[in-house]
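Observations on chain architecture
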Amino acid sequence: LLKHFSAAWQKAFNLNENHDNFNIITLPKHLAVNDPSLLDIQTKISAKPHDMLLLALPAADARIIKPFLNVGTPTVAFSNLHDTSTDIALHAVRFVEIPFLLQPNAEFTKHQNSITQQNSNELLRWYALGVDALSILVATQHPSEKEVIINGLTGQISINPPAITRQPSMARYTYEGITKE
């Protein structure tokens, strides 16, 4: 998986194999708070300056490693980090999330009855994906030469044949909870 990630990153940013643009640092399996290898990771991270850190790991591991990261370096993650509304251990970490889980609004309230049985953000993300897939299907049944914008549960969806793109929301952990950016 690590090789595929590295290859995709190189391709996306036109980097050769010997680039010096990013470091991939892996964590040991079954990471524990008192694991001495955390100091080695801190040394690897501090070995050169970084413009940002991407945490591609589960929330539990992110909570363990966060105190070993440089607070001055912007840290971003994926939505799997968002499993609680407040998490002091992840303060200042930015993450991508679907608007449906960040900011309730009138458009989303019609779905409230359907989601009461979902007890995890992961299930809610699947629900939102299904709702948006149906909206995309309906929109593509009536082809238009103009771009169609859908403010979906998973983000703003743009249908401009032949491409369909989605713009998710960004959020960050603060001491008061999660703030949408």
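Look a little higher up for the structure.
Structure report, in brief. Quick caveat: nothing in here was measured; it's all calculated off a predicted structure.

1. Quick word on the overall build of the protein
Per the secondary structure count, the protein includes 7 helices and 8 strands. For the protein, with 181 residues in total, the buried portion stands at 32%. Pairs at least 24 apart in sequence give 44% of the contacts found in the protein among residues at least 6 apart. Put simply, the protein shows about 12,000 Å² of open surface, and 55% of that area lies on carbon and sulfur atoms.

2. Examining unusual backbone geometry
Of the consecutive residues Pro 161 and Pro 162, the connecting peptide bond is found in the cis state with omega at 10°. As for its position among the elements, Pro 162 is in the loop between strand E5 (155-160) and strand E6 (163-167). A positive phi angle, close to 80°, is found at Ala 92, a residue other than glycine. Within the fold, Ala 92 resides in the loop between strand E2 (75-77) and strand E3 (94-97).

3. A few points about the layout of surface pockets
The space that makes up the second largest pocket amounts to roughly 170 Å³. Along its surface, the second largest pocket is lined by Ser 79, Val 96, Glu 97, Ile 98, Glu 122, Arg 125, Trp 126, Leu 129, Thr 154, Arg 166 and Pro 168. Broken down by secondary-structure element, the contributors of at least two residues to the lining of the second largest pocket are E3 and helix H7 (121-141). Take the lining of the second largest pocket: its biggest share by element is 4 residues, from H7. Tallied by class, the residues present in the lining of the second largest pocket amount to 5 nonpolar, 2 polar and 4 charged.

4. Describing the environment of Thr 75
Of note, Thr 75 is situated in strand E2. In this structure, the C-alpha to C-alpha distance between Thr 75 and Leu 55, residues 20 residues apart in sequence, is 7.2 Å. Leave out the neighbours within four places in its chain, and Thr 75 touches Leu 53, Leu 55, Leu 69, Ala 92, Val 93 and Arg 94.

5. Considerations on H7
An α-helix turns once every 3.6 residues. As a result, residues three or four positions apart point the same way. Here H7 is 21 residues long and its end C-alpha atoms lie 30 Å apart, about the 30 Å a rise of 1.5 Å per residue gives. Buried within H7 are the following residues: Leu 124, Arg 125, Ala 128, Asp 132, Ile 136 and Ala 139. Looking straight down H7, one finds that the buried residues subtend no more than 110° of arc, so they occupy a single side. Opposite the buried face of H7, by more than 90 degrees, sit the exposed residues Trp 126, Leu 134 and Gln 141.

6. Regarding the sheet that holds strand E7 (residues 169-174)
Taken in spatial order, the 5 strands make up an open sheet running E1-E2-E3-E7-E8, and their pairing is mixed. The outermost strands of the open sheet, each flanked by one partner alone, are strand E1 (53-55) and strand E8 (177-180). Direction aside, neighbouring strands of the sheet carry axes that sit 30° apart on average. In this structure, E7 lies alongside E8, joined through 4 bridges in antiparallel fashion.

7. Some points on the pattern of salt bridges
For the structure on display, the rule yields 3 salt bridges. One salt bridge connects Arg 94 with Glu 181, and the closest N-O pair in it is separated by 3.0 Å. Taken together, the residues span a long stretch of sequence, with Arg 94 in strand E3 and Glu 181 in the segment after E8 at a distance of 87 residues. Arg 94 gets classed as partly exposed once you look at its relative accessible area, which sits at 31%. On the accessibility criterion, Glu 181 (44% relative accessible area) is partly exposed. Residue Arg 125 is joined to Glu 97 by a salt bridge in which the shortest nitrogen-to-oxygen separation is 2.6 Å. With a gap of 28 residues between them, Arg 125 in helix H7 and Glu 97 in strand E3 connect regions that are remote in the sequence.

About the cut-offs
- Position numbers for residues count from 1 along each chain, tracking the sequence in the order it is written.
- It should be noted that, the model being predicted, local features are given only for residues of pLDDT at least 70 and side-chain atom pairs only at 80 or more, the latter also being counted only at that level, while totals for whole chains, interfaces and linings use all residues.
- For side-chain calculations, the full set of non-hydrogen atoms in the structure is used, while hydrogens and water are omitted.
- Think of it this way: any DSSP run of H or I at least four residues long counts as a helix, any run of E at least two long counts as a strand, and we number them from the N terminus.
- Working definition: with a 1.4 Å probe on protein chains only, accessible area under 20% of the residue-type maximum means buried, over 50% means exposed, and in between means partly exposed.
- In what follows, residue pairs with any heavy atoms lying within 4.5 Å of each other are defined as contacts.
- Here, Shrake-Rupley sampling with a 1.4 Å probe gives the accessible areas, and only protein chains in the shown set may cover a residue.
- Here a cavity denotes grid points, spaced 1 Å and computed from the protein atoms alone, that fit a 1.4 Å probe unable to get out, and a pocket denotes an open set having protein on both sides within 12 Å along at least 5 of 7 lines; residues with an atom within 4 Å of a point are the lining.
- Grid points are joined across faces, edges and corners, and a volume is the space filled by probe spheres set on the points.
- Three classes are used, and their members are as follows: Ala, Val, Leu, Ile, Met, Phe, Trp, Tyr, Cys and Pro are nonpolar, Asp, Glu, Lys and Arg are charged, and the others, Gly among them, are polar.
- Here, expected helix span is obtained from the residue count minus one, scaled by 1.5 Å.
- The directions from the helix axis to the C-beta atoms are what the arc is built from.
- Any two strands are treated as partners once DSSP identifies two or more bridges connecting them.
- Between the N-to-C directions of two axes lies an angle of 0 to 180 degrees, each axis being a line fitted to C-alpha atoms and, for a helix, fitted only over the stretch in contact.
- The term salt bridge refers to a side-chain nitrogen of Lys or Arg lying within 4 Å of a carboxyl oxygen of Asp or Glu.

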